[in-house]
Amino acid sequence: MSRSDLYEDAELYALQYRAYRDDLAFYRELALDRPGRVLELGAGDGRVTVELARLAEQVVALEPAASMRSAASDRLRAADLLGRVELRDQDARTLDEDGSFALAVAPFHMLN
């Protein structure tokens, strides 16, 4: 199984990383230090997105994998945060944004 296969299977991804929380405090601190709009490149299943949405004015989260966007949407809905996030079917390489962001993050394996 390749890494890209893992990102196409949100259930498998969730099982693989269900206990990983070591980075969440780091992203919370970043969001607290830089209030405003946040850009998240590679939102995955929304694990970090939920934490950012709790603190940010708005989160624009890019995620090209349909299964991951669906899982992120479910996670955001369960946390009652869906209205604070614009979840885009978009690859970070195609970002063409007119607005500005107080913070941009590329969590976890996004750049690997």
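Everything here concerns the structure above.
Model, not experiment: these values are computed from the prediction.

Summarising the sheet, strand E2 (residues 58–62) and strand E3 (residues 85–88) pair through 4 bridges and their orientation is parallel. From the neighbouring strand, Ala 61 faces E3, where its bridge partner is Leu 87. Taken together, E2, helix H5 (residues 66–78) and E3 constitute a β-α-β crossover, and its handedness is right-handed.

The next subject is the packing of aromatic side chains. As enumerated under the stated definition, the model contains 1 aromatic pair in all. Seen from their ring centres, Phe 26 and Tyr 27 are 5.2 Å apart, and the 70 degrees between their planes marks the pair as edge-to-face.

Turning to the pattern of salt bridges, a few remarks are in order. Tallied over the entire structure, the rule returns 8 salt bridges. Across the pair Arg 69 and Asp 89 runs a salt bridge, and its minimum N-O distance is 3.2 Å. Within this pair, whereas Arg 69 is found in helix H5, its partner Asp 89 is found in the loop between E3 and strand E4 (103–105), the two being separated by 20 residues in sequence. For Asp 89, a relative accessible area of 55% corresponds to the exposed category. Taking the shortest distance from any N to any O, the salt bridge between Asp 91 and Arg 93 comes out at 2.8 Å. According to the relative accessible area criterion, Arg 93 is exposed, its value standing at 75%. Each of Arg 28, Glu 51 and Arg 54 takes part in salt bridges that share partners, so that together they form one network.

The rules we used
- Residues numbered from 1 in each chain as written.
- Predicted model: local features only at pLDDT ≥ 70, side-chain atom pairs only at ≥ 80, totals over all residues.
- Heavy atoms only, no water.
- Pairing = 2+ DSSP bridges.
- Helix = DSSP H or I, 4+ residues; strand = E, 2+ residues; numbered from the N terminus.
- Right-handed = clockwise from strand over helix to strand, strands pointing away.
- Phe/Tyr/Trp six-rings, centres within 6.5 Å; stacked < 30°, edge-to-face > 60°.
- Salt bridge = Lys/Arg side-chain N within 4 Å of Asp/Glu carboxyl O.
- Buried < 20%, exposed > 50% of the residue type's maximum accessible area, 1.4 Å probe, protein only.

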